[in-house]
Amino acid sequence: MKLLVTGGAGYVGSAVAAQLVDSGHDVTVLDDLSTGHADAVPPEAAFVKGSITEAAGVLEQGFDGVLHFAAKSLVGESVEKPGLYWASNLGGTLALLDAMRSAGVGRIVFSSTAATYGEPESTPIVETDPTRPTNPYGASKLAVDTALTAYAGLHGLGAVSLRYFNVAGAHTGADGRVYRERHTVETHLIPNVLAVALGLRESVNVFGTDYPTPDGTCVRDYIHISDLARAHLLALDACRPGAHTIYNLGSGSGFSVQEVITTCREVTGHPVPAVVGGRRAGDPAVLVASSDRIQRELGWKPEHSGLRSIVADAWAAMNR
């Protein structure tokens, strides 16, 4: 298939683009490089520098589907600049959907987020649980999910939203190229801990040790980037005209902040000093996904099991 990957120069988008190329698809990446990196685009993919609001001109060349990753994704920034997130995440996606309609492109896989659920009433979280985002980032992503449902019903679009939990690790393509996290502003725990081991940071911050968890620190669900990327290929094939389906993506297992730091210490052999502080507002004690639906309906399941595998792959990639 001929596929457009928006935001394909970013961490997740580039890994998915690589898997698509390795699977024989004709891939074009559209990215404005505001947070992505041109050298992260797979060499076999065509690259167009531009915003998703400029997708119409690209889609006119004829495409079979879109995988949509282009978005603003910093929770803290979304609180400070909510208008930016509504304009980029919702406004940009609506422009993309209208461009798809005009070009006759009938399927889309959307990069959604667990932030749509907000603070859950129970875990593991299932797709039918209430969606109550606690920040403009999560709210803007939920609004896109709502728009996809409407476009599916009104215009026959085939759409799948994948709600990620914590993505980590590094993906290695068939050509040996490695796709890893390298955000300008890094907010994810594992790369920040590993940055201490590399000597790029003095310590890692631990926000709260008094949660109702076994060791008092927050528990999160981590999924390997290669497993997550593979789910997008399955989701692409699962797009059905007139239907919008939502799937959670996670490992189904939770690891605490302290467990992550301990694992990073073991993998790197570095002591990784930790500075303990108070809780951050809005941080739930436990966020773990139920991925039963995608396992049951699409046959997807995590193949890179365990936190150590994720950390080891991320550490190896940072040392290349």
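Our subject is the structure listed above.
Residues numbered from 1 in each chain as written. Predicted model: local features only at pLDDT ≥ 70, side-chain atom pairs only at ≥ 80, totals over all residues. Heavy atoms only, no water.

## Re the nonpolar core
What tends to happen in soluble globular proteins is that the nonpolar side chains get buried as a cluster. Put simply, the rule is: Buried Ala, Val, Leu, Ile, Met, Phe, Trp, Tyr and Cys residues that are joined via side-chain atoms within 4.5 Å together make up what is termed a nonpolar core. Think of it in three bands: residues with accessible area under 20% of the maximum for their type are buried, residues over 50% are exposed, and the middle band is partly exposed, with areas taken using a 1.4 Å probe on protein chains only.
By size, the foremost hydrophobic cluster in this structure holds 38 residues, and its most contacted members are Val12, Leu20, Leu67, Leu162 and Leu249. With 23 residues, the next largest nonpolar core counts Leu194, Ala285, Val311 and Ala314 among its residues.

## Remarks on the packing of helix H6 (residues 189-197) against helix H8 (residues 257-268)
Operational definition: Axes here refer to lines fitted to C-alpha atoms; in helices the fit is confined to the stretch in contact. Angles between the N-to-C directions go from 0 to 180 degrees. Helix and strand definitions here come from DSSP, where helices need a minimum of 4 consecutive H or I residues and strands a minimum of 2 consecutive E residues; each element is numbered from the N-terminal end. Angle categories: roughly parallel below 35 degrees, roughly antiparallel above 145, roughly perpendicular from 65 to 115, and oblique for all the rest. Two helices cross in a left-handed way if the nearer one is turned anticlockwise from the farther one by less than a right angle. They cross in a right-handed way if the turn is clockwise. Whether two residues are in contact is decided by their heavy atoms: any pair within 4.5 Å suffices. Basically, the charged four are Asp, Glu, Lys and Arg, the nonpolar ten are Ala, Val, Leu, Ile, Met, Phe, Trp, Tyr, Cys and Pro, and anything else, Gly included, counts as polar.
Axis separation between H6 and H8 bottoms out at 10 Å; the angle between their running directions is 40°. Of the possible angle classes, the one that applies to H6 and H8 is oblique. Crossing angle aside, the handedness with which H6 passes H8 is right-handed. Contacts between H6 and H8 pair Leu189, Ile190, Val193, Leu194 and Ala197 from the former with Val257, Val260, Ile261, Cys264 and Thr268 from the latter. Residues of the contact of H6 with H8, tallied by class, amount to nine nonpolar, one polar and no charged.

## Some remarks on the layout of surface pockets
Note the threshold: Lining residues are defined by having an atom within 4 Å of a point belonging to a cavity or pocket. Those points lie on a 1 Å grid over the protein atoms alone, cavities being sets where a 1.4 Å probe fits but cannot get out and pockets being open sets with protein on both sides within 12 Å along at least five of seven lines. Grid points are joined across faces, edges and corners, and a volume is the space filled by probe spheres set on the points.
Within this model, the second largest pocket holds a volume of roughly 240 Å³. Contributing to the lining of the second largest pocket are 16 residues, with Glu181, Glu186, Pro191, Ala195 and Met318 lying nearest its centre. Those elements that place two or more of their residues in the lining of the second largest pocket are H6 and helix H10 (307-318). Of the residues that constitute the lining of the second largest pocket, the class distribution is seven nonpolar, four polar and five charged.

## Thoughts on the sheet that holds strand S2 (residues 26-31)
Put simply, the rule reads: The rule for pairing is simple: two strands pair if DSSP sees at least two bridges between them.
A sheet is described by the order of its strands in space; here seven strands give the open sequence S3-S2-S1-S4-S5-S6-S12, paired in parallel fashion. The open sheet terminates on both sides in strands that have one partner only, identified here as strand S3 (46-49) and strand S12 (244-249). Geometrically, the sheet is characterised by an average inter-axis angle of 20° between neighbouring strands, direction not taken into account. The sheet strands contacting helix H5 (residues 136-155) are strand S5 (107-113), strand S6 (158-164) and S12, and the helix crosses S5 at an angle near 155°. Against the sheet, helix H7 (residues 225-238) contacts strand S1 (2-6), strand S4 (65-68), S5, S6 and S12, and its axis sits at roughly 160° relative to S6.

So far we have only geometry, and geometry alone does not tell us how the molecule works.
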